Amino acid sequence: MVPQVLALITTVVPAESRPRALAWFGVTGGLSGVCGQLLGGVLLDGDLFGLGWRAVFLVNLPVGLIVLAVATAVLPRTATGRRPALDGTGVLAIAGSLALALVPLVLGREAGWPLWAWAMLAAAVPAFLAALHWERRLAARGGQPLLDPELLRGRVFRTGLAVNAAFMACFAGFVFVISLTVQTGFGYSPLRSGLVFTPMAVLAMVGSLTGKRLLPRYGLRVPVAGGAITALSLLLTALALQTGGAHHALPVLLTTMGLMGIGNGLVLPSLVGAPMAGIAPERAGTASGTLSTTQQFASVTGVTVIGGSYFAVLDHHDPATAAAAACWLALAAALAMIGLTVRLSRVTAAPAPAPAAAPSAPLPALARQ
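Residues numbered from 1 in each chain as written. Predicted model: local features only at pLDDT ≥ 70, side-chain atom pairs only at ≥ 80, totals over all residues. Heavy atoms only, no water.

1. Quick notes on the packing of aromatic side chains
- Applying the stated rule across the entire model yields five aromatic pairs.
- Centre to centre, the rings of Phe-167 and Phe-171 are 5.9 Å apart; their planes meet at 5°, and the pair counts as stacked. Here Phe-167 pairs with Phe-171, and both are found in helix α7 (residues 155-185), just four residues apart, close to one helical turn. We note that Phe-167, like Phe-171, is buried.
- Of note, Arg-109 hangs over the ring of Phe-311, and the distance from its end group to the ring centre comes to 3.9 Å. (Phe/Tyr/Trp six-rings, centres within 6.5 Å; stacked < 30°, edge-to-face > 60°. Helix = DSSP H or I, 4+ residues; strand = E, 2+ residues; numbered from the N terminus. Buried < 20%, exposed > 50% of the residue type's maximum accessible area, 1.4 Å probe, protein only. Lys NZ or Arg CZ within 6 Å of the ring centre and 35° of its normal.)

Here you go:
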């Protein structure tokens, strides 16, 4: 569903209103990830129908029914003069290469990193390169590749993907580790552990609304400042957990979570808008699918790498020390995001070569966002 929403925004919303729509999309996505922690804690603590953790799957039922009813009545009907073709070979090749990387990343640590896990990881790189080769050949023949090589040639889109990947790896890994730490390490109930994320959710909304208004005036300096605040929150969390341990965990986490909410809120409005701003409507579906896949892959990678460091340290130390070690890795990802955002601001400020077809939103508009 996520790529369809992004494609619809890029296709239907007028160019002058698109930055605002993409900003709200980023705000909504970020807040939902944080609020999911709180709602998940409520469901687990309530133990609906005696289902335990399985109750989390019920969240999709009312949401899906509401979206179905509203979408049927509200969403516009769109049409294109070119009938879309399914790139079956590309689907199998790209999905297969991603699976070669994701399966060992998800299951490797628990299985003790056996030989098959390393073999799959090693095979993922040549498999993905072969998939890219197929996509280039298909595009050269005038076909409709699943992954458009032209998109990856654009510096703005390519750098925007990297910014999203760094942010999602940092955020997903940090939330995963803190959720584990407060429940299994500090003995918090699911509801109490969910409440730990409340300051982040509330202040992320404040930061997002503030950042959305600051973007037209200050451009990409806003997410750079937000990334710096997020990095500061990770630094303070790591230092506090490493020196204070579990005894001072709750006040420290509540403070640093709120600080991270402000930082993430300043980043979110431009997170999605950066790579999608200059995309032509006819490439909106491919671009949004590429962006969503990148975000999901980065999230899994962040959980695996940051979570893996947590478990490795936990074997010899207490949960607070393990969480601190994981925060240092999340901090590295946050610093990478800041550097990439600075790079993105320079790319968008540089004069771009004249495109073959006029894009739906000129690149200089991205700097004004």
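2. Looking at empty space enclosed by the protein
- The tally for this structure, following the rule as stated, stands at one cavity of 30 Å³ or more.
- The wall of the largest cavity is formed by Val-163, Leu-220, Pro-223, Val-267, Ser-270, Leu-271, Ala-274, Thr-341 and Leu-344.
- For the lining of the largest cavity, the secondary structure elements donating two or more residues are α11 (249-271) and α14 (319-349).
- Considering each element in turn, the lining of the largest cavity owes the most residues, three residues, to α11.
- Split by residue class, the lining of the largest cavity holds seven nonpolar, two polar and no charged. (1 Å grid on protein atoms, 1.4 Å probe; cavity = no way out; pocket = protein on both sides within 12 Å on 5 of 7 lines; lining within 4 Å. Points joined across faces, edges and corners; volume = space filled by probe spheres on them. Nonpolar A, V, L, I, M, F, W, Y, C, P; charged D, E, K, R; others polar.)

3. Quick word on unusual backbone geometry
- Unlike most non-glycine residues, Trp-113 shows phi in positive territory, near 50°.
- As for its placement among the helices and strands, Trp-113 is situated in the loop between α4 (88-107) and α5 (115-140).

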